[in-house]
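Chains, contacts and geometry: an overview
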Amino acid sequence: MTNRDMWYLGPNNRLSRRGLLLGATAGTLGAAASAVAPAALAITADPQDTVDLSRQYDFYGTGGQAGIRTPPQRHVFYMAFDLTSGRRADLQVLLARWSGAIAQLMKGETIGEVEPPRDSAVGFDTGEALRLGPASLTVTVGIGPRVFSDAYGLADKRPPLMRALMPLPSDAFDPYYTGGDLSLQACADDPQVTYHAVRDLARIAKATGTAAVRWTVIGFGRASAGKGQSTPRNLLGFRDGTRNIREDAEFDRFVWISDGPDWQRHGSYQVVRKIKMNIENWDTHRVSDQNNVFGRHKVSGAPLTGTKESEQPDFQKMDADGTLVIPPTAHIRLAAHESNDGIRILRRSYNYTDGLSEVGLLDAGLLFISYQNDPAHFEALQARLGASDALNSYISHIGSAIFYIPPAPAEGSYIGEAFFT
Ligand code: HEM
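The paragraphs below set out a description of the structure included in this document. (Residues numbered from 1 in each chain as written. Predicted model: local features only at pLDDT ≥ 70, side-chain atom pairs only at ≥ 80, totals over all residues. Heavy atoms only, no water.)

**Quick notes on the site of the ligand**
The full set close to the ligand counts 26 residues, and Gly241, Thr242, Arg243, His331 and Arg347 are the nearest of them. Gly241 is positioned such that a nitrogen or oxygen atom in its backbone is 2.6 Å from an oxygen atom of the ligand. Only strand 9 (268-277), helix 7 (331-335), strand 12 (362-372), helix 8 (375-388) and strand 13 (395-405) provide two or more residues apiece to the shell around the ligand. Tallying contributions element by element places helix 8 first for the shell around the ligand, with four residues. Residue composition of the shell around the ligand, by class: 15 nonpolar, six polar and five charged. (Near = heavy atom within 4 Å. Polar contact = N/O pair within 3.5 Å; in protein donor to acceptor, adjacent residues only side chain to side chain. Helix = DSSP H or I, 4+ residues; strand = E, 2+ residues; numbered from the N terminus. Nonpolar A, V, L, I, M, F, W, Y, C, P; charged D, E, K, R; others polar.)

Now the structure itself:
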């Protein structure tokens, strides 16, 4: 596909691609503009934490969308949208155009001309990612509960478990960070690459009159680890992602939808929570108290019942006084699958900061993102955490949304195509 191919709605509501006619000069300029930066390899102090800016992932495939199983990159730009058009065809065209554009962005290419030859023309691609490389970019597209309705002729395509999340203890939502009809989770190892991707995809949504930005969070410092990656830290200073899902069998069991028609299989449900941290308060506490909040040691990440991060926590172990070493209200005790009928979720969170609050405090926290094949799994964990977690004194859930994540499109198709047939 060239960077000027577009999706058009043809007869029988089938979408087809058509290359726009281009002058020779414009074609040359487009090709030059989309050149990928030379391979660049940055190695941090941790040999397990390398960044290869030339690394690229496939958008098309036969399994789940990229950005779920993909080892977490270092930056996220998350954006939720409201549909502004009630027309099913507009939604269909937007998903198709987003898909074509994302496939190019993930290759490190532009999505159109940056500097059109005609003086009066507006650039199609805004240009700030030129020569930055693919930087492991993934853009994961989500569809909110309201979209699966008669209004868009999609009521019969509603994934069986798709619904609004039930109210949970400790919900303290600001409507400004809640809900949405569509979402983009752009992750990459260069923040400017994520920014460019979401900015230019939002421009397409706006230019087509189909969707408008609802809320957004920019995050950094992955707060979760994939297979072979070392465990990073959240803004409370603790290793986050130690006992996360990593193996294929666990993904099959807990993350991917495994039954139903093709358009459901390898789909997943994404839950997003904007969780604000009371950082100044946390910082005044003794580290031993902080360790008890999580049930792990701050520096090593080891459970309080052990000395190595990789050790399994012993939730039964008592100290000499007969009290549980991992306290009853410790975050890991309440969230562990051992306490929740074996339930597990994939966490793929990021730290975020919004600068300072209106009273001059650090305004920061965790953009918690989880993937599961049943939203009730998230609800079960959060019901328990929201009621008793020692961490609740230092956090509040100020934003929340749920999206269905369709499977990756096959080459030549687009996200959600099966909904429209
Ligand atoms: C700001 C909010 C949160 C922070 C700072 C946080 C931090 C942590 C940390 C440091 C760990 C221990 C290391 C690890 O195994 O990853 C952990 C574990 C875990 N967290 Fe959270 N978490 C937060 C919110 C949540 C939420 C909302 C959920 C789900 C509803 C959740 C579910 C889990 C699970 C399932 C584990 C693994 C427990 C285990 O099996 O040992 N966390 N979290």
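That was the structure; now back to the text.
**Focus: the pattern of salt bridges**
Tallying each qualifying case throughout the model produces 16 salt bridges. The partner of Lys227 in a salt bridge is Glu247, with the nearest N and O atoms 3.1 Å apart. With Lys227 in the loop between strand 8 (211-222) and helix 4 (248-255) and Glu247 in the loop between strand 8 and helix 4, the pair connects residues that are 20 residues apart, well separated along the chain. Looking at Lys227, the relative accessible area reads 51%, which means it is exposed. With relative accessibility at 37%, the residue Glu247 sits in the partly exposed group. Salt-bridge contacts for Glu338 lead to Arg243; the nearest nitrogen and oxygen are separated by 2.9 Å. Highlighted residues: Glu338 in the loop between helix 7 and strand 10 (346-347) and Arg243 in the loop between strand 8 and helix 4, separated in sequence by 95 residues. Overall, Arg243 belongs to the partly exposed group, its relative accessible area being 22%. (Salt bridge = Lys/Arg side-chain N within 4 Å of Asp/Glu carboxyl O. Buried < 20%, exposed > 50% of the residue type's maximum accessible area, 1.4 Å probe, protein only.)

**Looking at the side chain of Arg222**
Turning to its location among the elements, Arg222 is positioned in strand 8. For Arg222, a relative accessible area of 4% translates into the label buried. Of the polar contacts made by the side chain of Arg222, one reaches the backbone oxygen of Ser224; its length is 3.1 Å. Polar side-chain contacts of Arg222 include one of 3.2 Å to the backbone oxygen of Ser230. Here Arg222 is in contact with Asp49, Pro72, Gln73, Arg74, Gln229, Ser230, Pro232, Arg233, Ser349 and Tyr350, once residues within four sequence places are set aside. (Contact = heavy atoms within 4.5 Å.)

**Notes on helix 8**
With 14 residues, helix 8 extends 20 Å from end C-alpha to end C-alpha; this agrees with the ideal 20 Å at 1.5 Å per step. Three or more residues of helix 8 are buried, namely Pro375, His377, Phe378, Glu379, Leu381, Gln382, Leu385 and Gly386. Looking at the buried side of helix 8, the elements it contacts are strand 9, helix 7, strand 12 and strand 13. Measuring from the backbone nitrogen of Ala376 back to the side-chain oxygen at the start of helix 8 gives 2.9 Å, which picks out Asp374 as the cap. (Expected span 1.5 Å × (residues − 1).)

**Comments concerning the side chain of Asp189**
Along the chain, the position of Asp189 falls in the loop between strand 7 (182-188) and helix 3 (191-207). As a buried residue without a salt bridge, Asp189 has its nearest oppositely charged side chain in Arg55, at a separation of 4.3 Å. Ignoring any residue separated from it by four or fewer positions in sequence, one finds Asp189 in contact with Val51, Leu53, Arg55, Gln73, Arg74, His75, Ala135 and Ser136. (Lys, Arg positive; Asp, Glu negative; His and termini not counted.)

**Re the coordination of the iron atom of the ligand**
On the protein, His331 (NE2) is the one donor atom to the iron atom of the ligand, at 2.1 Å. When you line up the elements, His331 lands in helix 7. (Donors = N, O, S within 2.8 Å, 3.2 Å for Na, K, Ca; no water.)

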